[in-house]
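Structure assessment
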Amino acid sequence: MCFLAGPSIEKIVSLHPHRKPPNPTKAPVKNPTQVSVNPGQSMKPTLTTLVEKNYGFGLVETEFDMTLGMLGNAVKTQEVGCNDRFDMKINNQRFVGFPKTWKVRGGCTNYQILILFALKQGCDQHTAAAYQTLSNKIAVSFVMLQNYFGFLEREDKWADYADARDDPLREFAKLSFMVHPLIDMYDEVRKRGNIHKYQINFVELGFCDEAHALTRLSVVPKGRQEIDDIVRKMKPYHGILLLEDVWPTPDANPVVAKLLKHCSPDRSILDMSTASGIPVFEVFMIIRHLLQWTRAILIYPLCNTNVYTSATSPQPIDKMAEKFASQFGNTVHLSAGLAFFNPPATLGDFVRKTHVLYEQEVRAKLVVALLRHQMLMQLHQFYYIIKPYSNAVLPEPSDECPEEMRLMIEKSALPDEVKRLVTDICAAMLEHSPYAVVKKKLTIFVKVVPFMNGNHHLEDIKYQNNLDRAVIEDVFKSFELVIATFRRPDFVFE
């Protein structure tokens, strides 16, 4: 709804979609001018009054059990309350907006424009905040155009003319500049969850309702706060998966188009930065933009050693099966792909190098599609330092552990109950390995101990300590007697 308060009008002048309530049945009304046919019957004198008009903006019925006039009086904001968020509940219906003030060119009086949204009951606060932001952006764009073209003055006069017609909303929409852009924006948000357009090729307007946009793309919706949390925890070893064909507008930053050319599910952020020549920090900023505008989701780059398992789908399986059938035909069925990863399996096992190259490509694309619709989730290896089980075979070295290594173990963050056992493990390794090799393994192990508390997976430990995967896996195998491993998703993303 659009509320205008100008020199001659204070009412809601646009409503979309206009869903009229059912008309109640009215009792027949006698014609007050009808005269009795019996001339002998005495006639009582009646008072004549002005008949109220049955047309105008204020008398238009709405689906909210009130007229536009009643709504207009309720949402009219005092000047001191303008240029701030508006949130009101009427009859269990929530109305949000951001009233703005504007001035007639050359005048000194402030007038009001408010783009109002009626939201569903029980909507989240971040959704209400998102549409307050959209209301503000639309109002600002209209006020900017008013400053250059003065179109709101014409809208005000046209509203006076339409108010005197039987169907004022339709009459106002015939020549109004505002109505059709508002309808287009409403339909675009309903369909896609976001807007990117130019008002008369002059004022740029951008908006995204993240939760609704992700739902439209068959992805579990996330609020702005969740997306901000993800962005803060993003690391160079992460990757992105584009949710659709994403290409910026011609006037966009050319760096964005350059980065998108190097986007691939098997590339990390660091790899994309290296391939494109764009600094990592700038790549982070572009990816933040893609995430917040629901153009991509954050993943770990595809690798043959990645372990995947089936996940709860945000969409019914039968509907998703139709989508996959239209994309892959009879080559690979959705159920076959999901069944393969239950129990969990690696990507390499599913793609299999023994298959012909075409089938390998189809299977890889199927995994990408399953990840895009969040029907698969990746499992990561997490670690704990823990005492071994009671019947574990403990090392029995013939010689004592060297003093240098014992001091390293004593000063480490290892729990006291496992320090003695780690000393014995080092002494046992020295019986068949050189001193320098054992010392290097112990140094790496002591360095990563603070990360072995169940909160850091292998990729994170490797990145935080600048270690090679093969090296760190060899260290963990040497000290596996005091390490408990388990697999789970990284809940930051899944």
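Residues numbered from 1 in each chain as written. Predicted model: local features only at pLDDT ≥ 70, side-chain atom pairs only at ≥ 80, totals over all residues. Heavy atoms only, no water.

Per an unreviewed UniProt entry, the protein is named GATOR complex protein NPRL3, and its organism is Caenorhabditis brenneri. Under the heading Function (unreviewed entry), UniProt records this for the protein: "As a component of the GATOR1 complex functions as an inhibitor of the amino acid-sensing branch of the TORC1 pathway." (UniProt positions renumbered as here; feature names shortened; annotations may be inferred.)

With that out of the way, let us pick up the overall build of the protein. For the protein, the helix and strand inventory stands at 19 helices and 16 strands. Looking at the 494 residues of the protein, the share that counts as buried comes to 45%. Counting only contacts in the protein whose residues sit at least 6 apart along the sequence, the fraction spanning at least 24 positions is 67%. Accessible surface computed for the protein: about 27,700 Å², of which carbon and sulfur atoms make up 53%. (Helix = DSSP H or I, 4+ residues; strand = E, 2+ residues; numbered from the N terminus. Buried < 20%, exposed > 50% of the residue type's maximum accessible area, 1.4 Å probe, protein only. Contact = heavy atoms within 4.5 Å. Areas by Shrake-Rupley, 256 points an atom, 1.4 Å probe, with all protein chains shown as cover.)

Here strand β4 (residues 93–97) lies mainly inside the structure; 5 of its 5 residues are buried. Residues Gln93, Phe95 and Gly97 of β4 are buried on one face, and the alternating residues Arg94 and Val96, pointing to the opposite face, are buried as well. The sheet contact formed by strand β3 (residues 86–90) and β4 spans 5 bridges and is antiparallel. Within β4, the residue paired with phenylalanine 86 across the bridge is glycine 97. Between β3 and β4, which follow one another and run antiparallel, lie 2 residues, and asparagine 91 among them has a positive phi close to 50°. Two strands pair when backbone bridges link them, and β4 and strand β7 (residues 117–119) are joined in this way by 3 bridges, in the antiparallel orientation. Across the sheet, arginine 94 pairs through a bridge with leucine 119, a residue of β7. (Pairing = 2+ DSSP bridges.)

A cluster of nonpolar side chains, contributed by Tyr148, Phe149, Ile200 and Phe202, occupies part of the molecular surface with about 440 Å² of accessible area. You can see isoleucine 200 is positioned in the loop between β8 (194–199) and β9 (203–208). Given the relative accessible area of 44%, isoleucine 200 is considered partly exposed. (Patch = residues over 30% accessible without salt bridge, like charges linked within 9 Å, V, L, I, M, F, W, Y side chains within 5 Å. Salt bridge = Lys/Arg side-chain N within 4 Å of Asp/Glu carboxyl O.)

The next subject is the packing of helix α15 (residues 403–411) against helix α17 (residues 435–448). Remark: α15 packs on α17, axes separated minimally by 10 Å, with the N-to-C direction vectors making an angle of 5°. Compared by their axis directions, α15 and α17 come out roughly parallel. Facing Glu404, Met405, Met408 and Ile409 of α15, the residues of α17 in contact are Tyr435, Val438, Lys439, Leu442, Thr443 and Val446. Residues belonging to the contact of α15 with α17 are distributed by class as follows: 7 nonpolar, 1 polar and 2 charged. (Axes fitted to C-alpha atoms, helices over the stretch in contact; angles between N-to-C directions. Parallel < 35°, antiparallel > 145°, perpendicular 65-115°, else oblique. Nonpolar A, V, L, I, M, F, W, Y, C, P; charged D, E, K, R; others polar.)

In this structure the tally under the stated criterion is 15 aromatic pairs. The interplanar angle of 15° and the centroid separation of 6.1 Å between the aromatic rings of tyrosine 237 and tyrosine 300 together place this pair among those described as stacked. Of this pair, tyrosine 237 sits in the loop between α7 (224–232) and β10 (239–242) while tyrosine 300 is found in the loop between β11 (296–299) and β12 (307–310), placing the two residues 63 residues apart along the sequence. Accessibility assignment for this pair places tyrosine 237 and tyrosine 300 in one class, buried. Judged by centre distance (4.5 Å) and plane angle (45°), the rings of tyrosine 383 and phenylalanine 476 are tilted. Highlighted residues: tyrosine 383 in strand β14 (residues 376–385) and phenylalanine 476 in helix α19 (residues 469–478), separated in sequence by 93 residues. For the pair tyrosine 383 and phenylalanine 476, a shared accessibility class is recorded, and that class is buried. (Phe/Tyr/Trp six-rings, centres within 6.5 Å; stacked < 30°, edge-to-face > 60°.)

Here the focus is the nonpolar core. Core analysis: the largest hydrophobic core is formed by 55 residues, its most contacted members being Val13, Ile113, Ile138, Phe172 and Met178. Counting residues per element, this core draws most heavily on helix α2 (residues 125–149), which supplies 9 residues. Of all hydrophobic cores here, the second largest spans 31 residues; its members include Ile409, Val418, Ile425 and Val448. (Core = buried A, V, L, I, M, F, W, Y, C linked by side-chain atoms within 4.5 Å.)

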